[in-house]
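# An overview of the molecular structure
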Amino acid sequence: MLDRLQALDDRYNKLSEFLCDPEIISDPQKLRTYAKEQSDLEETVQVFREFKQVSQGLADAKSMFNDKLDDEMRELVKMEIDELTEREERLREQLTILLLPKDPNDDKNVIVEIRGAAGGDEAALFAADLFRMYSRFAERQGWKIEMIDANYTDIGGFKEAIFMIHGKGAYSKLKFESGAHRVQRIPATESGGRIHTSTSTVAVLPEVEEVEVEVHEKDIRIDTFCSTGPGGQSVNTTQSAVRITHMPTGIVVSCQDEKSQIKNREKAMRVLRARIFEKYQQEQMQEQAAARKSQVGTGDRSERIRTYNFPQSRVTDHRIGLTLHRLDAVLDGDLDEIIHALIAEERMQALQEAQ
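Residues numbered from 1 in each chain as written. Predicted model: local features only at pLDDT ≥ 70, side-chain atom pairs only at ≥ 80, totals over all residues. Heavy atoms only, no water.

Under an unreviewed UniProt entry, the name given to the protein chain is Peptide chain release factor 1, and the organism recorded is Fodinisporobacter ferrooxydans. Taken directly from UniProt, the Function (unreviewed entry) text for the protein chain runs: "Peptide chain release factor 1 directs the termination of translation in response to the peptide chain termination codons UAG and UAA." (UniProt positions renumbered as here; feature names shortened; annotations may be inferred.)

Below you can see the structure in the form of structure tokens.
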């Protein structure tokens, strides 16, 4: 492991030289490539350098401990050895995690699909709550949201909402959100004060480039129709909405958010590529069923992952047994504690498998 880390450190130094080379600075493509590679290595290299400093300090302290010392000094050196040993072990574990294979999609933008499931109007209202939750979380991260398609209900809920979140590392933080989200609360329409249980499903897909998933024109059918719902005077008057059907897989994507048919087609194609990519990924994961069981979540939309209980102001993530009693904050986009816990669990499981 140490040899591999030293090689990464050497590469990092070489990249620093490249980024100061006038010939490379004048080539935007090379400059961008080398800058990204160095950025990807930075955390690992910094931790490795700290690890080397701590290891050297520990070796020096052990050497000093073997010298002739008075009792007081020996006790101080022993305390330093204990502290440095603990730090070295923590850094070694951190480095092991940093060297684990990374999900190639982690840095990508994401397409999020939210749909009301069981519970009728209440499920649609909860879908709108989830949309706001992810929107607020994205704002806190400094990310940008782009609406792709939405199917509204008469009372302000979403039968379906599809949107894109643009931001570095968006997929790495939101990929655990795929699954069924359950809400327990008293609906506004419930006169008897009974608690109802409803569900909405969430799917988080990494944005996929054209080179990653090739969609042939002969494999798709494109239909146009008039937009519906909010949108101004162009609604119900122009054939701007687009529906694309991918014949080999049967996947259908609609988009009507833009007034331009061309823009709607572009957005629909992005969603189509992401769904085709997800379908192929799911098929591969099913073939590797044993490995899939060890993951934090399978990404299956039918898998119940989280419960939002309003009477108890409680949020429970069932995959890791985490319960928080601050429902309002979570629904306002404060998802950091949940997401960090899920990332830590995934890393721990990957570390156990590596060992």
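## As for the sheet that holds strand S8 (residues 251-255)
Strand order in the open sheet formed by three strands is S6-S7-S8, with antiparallel pairing between adjacent strands. Looking at the sheet topology across the chains shown, the edges are occupied by strand S6 (220-225) and S8. Geometrically, the sheet is characterised by an average inter-axis angle of 15° between neighbouring strands, direction not taken into account. Pairing of strand S7 (residues 241-246) with S8 involves five bridges; the strand directions are antiparallel. Within the sheet, the bridge partner assigned to His246 lies in S8 and is Ile251. (Pairing = 2+ DSSP bridges. Helix = DSSP H or I, 4+ residues; strand = E, 2+ residues; numbered from the N terminus. Axes fitted to C-alpha atoms, helices over the stretch in contact; angles between N-to-C directions.)

## Focus on the packing of aromatic side chains
Taken as a whole and assessed by the stated rule, the structure comprises six aromatic pairs. Ring geometry for Phe18 against Tyr34: centres 4.9 Å apart, planes inclined by 35°, an arrangement best described as tilted. Placement of the pair is Phe18 in helix H1 (residues 2-18) and Tyr34 in helix H3 (residues 28-65), with a sequence separation of 16 residues. Centre to centre, the rings of Phe131 and Phe158 are 5.4 Å apart; their planes meet at 75°, and the pair counts as edge-to-face. Linking Phe131 in helix H5 (residues 121-141) with Phe158 in strand S3 (residues 158-166), this pair joins segments that are 27 residues apart in sequence. Since its relative accessible area comes to 6%, Phe158 is described here as buried. Chaining the aromatic ring pairs together yields one cluster made of Phe131, Tyr152, Phe158 and Phe163. The residue whose ring lies beneath Arg74 is Phe65, and the NZ or CZ to ring-centre distance is 4.7 Å. A cation over an aromatic ring shows up here: Lys108 above the ring of Phe277, its NZ or CZ 5.6 Å from the ring centre. (Phe/Tyr/Trp six-rings, centres within 6.5 Å; stacked < 30°, edge-to-face > 60°. Buried < 20%, exposed > 50% of the residue type's maximum accessible area, 1.4 Å probe, protein only. Lys NZ or Arg CZ within 6 Å of the ring centre and 35° of its normal.)

## As for the packing of H3 against helix H4 (residues 71-98)
Interhelical geometry of H3 versus H4 gives an angle of 155° and a closest axis separation of 9 Å. As the angle between them shows, H3 and H4 are arranged roughly antiparallel. The two elements H3 and H4 cross, and the hand of that crossing is left-handed. Residue composition of the contact of H3 with H4, grouped by class: 14 nonpolar, five polar and nine charged. (Parallel < 35°, antiparallel > 145°, perpendicular 65-115°, else oblique. Left-handed = near helix turned anticlockwise from the far one by under 90°. Nonpolar A, V, L, I, M, F, W, Y, C, P; charged D, E, K, R; others polar.)

## Some details on the pattern of salt bridges
Counted according to the given criterion, the structure contains 29 salt bridges. The partner of Asp9 in a salt bridge is Lys52, with the nearest N and O atoms 3.5 Å apart. On the criterion of sequence distance, the pair formed by Asp9 in helix H1 and Lys52 in helix H3 is long-range, its members being 43 residues apart. A residue is classified by how much of its surface remains accessible, and Asp9, at 4% relative accessible area, is buried. On the basis of relative accessible area, Lys52 is assigned to the partly exposed category, the value being 35%. Of the charged contacts, one joins Glu346 and Lys175 as a salt bridge, the two residues approaching to 3.8 Å between their closest N and O atoms. With Glu346 in helix H10 (residues 336-354) and Lys175 in the loop between helix H6 (170-174) and strand S4 (179-185), the pair connects residues that are 171 residues apart, well separated along the chain. Beyond isolated ion pairs, a larger network of salt bridges with shared partners links Arg132, Arg136, Glu139, Arg140 and Asp332. (Salt bridge = Lys/Arg side-chain N within 4 Å of Asp/Glu carboxyl O.)

## Section: the sheet that holds strand S11 (residues 322-324)
In space, the eight strands of this open sheet follow the order S2-S3-S1-S5-S4-S9-S10-S11, with mixed pairing throughout. Across the chains shown, the open sheet's two edge strands, defined by having one partner strand only, are strand S2 (144-152) and S11. For this sheet, the mean inter-axis angle between neighbouring strands, taken without regard to orientation, is 15°.

## As for the side chain of Thr44
Of note, Thr44 is situated in helix H3. Given a relative accessible area of 6%, Thr44 falls into the buried group. Excluding residues that lie within four positions of it along the chain, Thr44 makes contacts with Leu5, Leu8, Leu95 and Leu98. (Contact = heavy atoms within 4.5 Å.)

## Thoughts on the nonpolar core
Within the largest apolar cluster, 38 residues are counted, with the highest numbers of intra-cluster contacts made by Ile114, Tyr134, Ile165 and Tyr308. Excluding residues that lie within four positions of it along the chain, Tyr134 makes contacts with Ile114, Ile145, Phe163, Ile165, Leu174, Glu177, His181, Val202 and Leu335. (Core = buried A, V, L, I, M, F, W, Y, C linked by side-chain atoms within 4.5 Å.)

## Here's the deal with the packing of H1 against H3
Helix packing for two helices is described by the angle between their axes and how far apart those axes are. H3 packs onto H1 with a crossing angle of 130° between their chain directions and a minimal axis gap of 9 Å. Judged on the interaxial angle alone, H3 and H1 are oblique. The interaxial crossing formed by H1 with H3 has left-handed handedness. Judged by residue contacts, Leu2, Leu5, Gln6, Leu8, Asp9, Arg11, Tyr12, Asn13, Leu15, Ser16 and Phe18 of H1 engage Tyr34, Glu37, Gln38, Leu41, Glu42, Thr44, Val45, Gln46, Phe48, Arg49, Phe51 and Lys52 from H3. Split by residue class, the contact of H1 with H3 holds eleven nonpolar, six polar and six charged.

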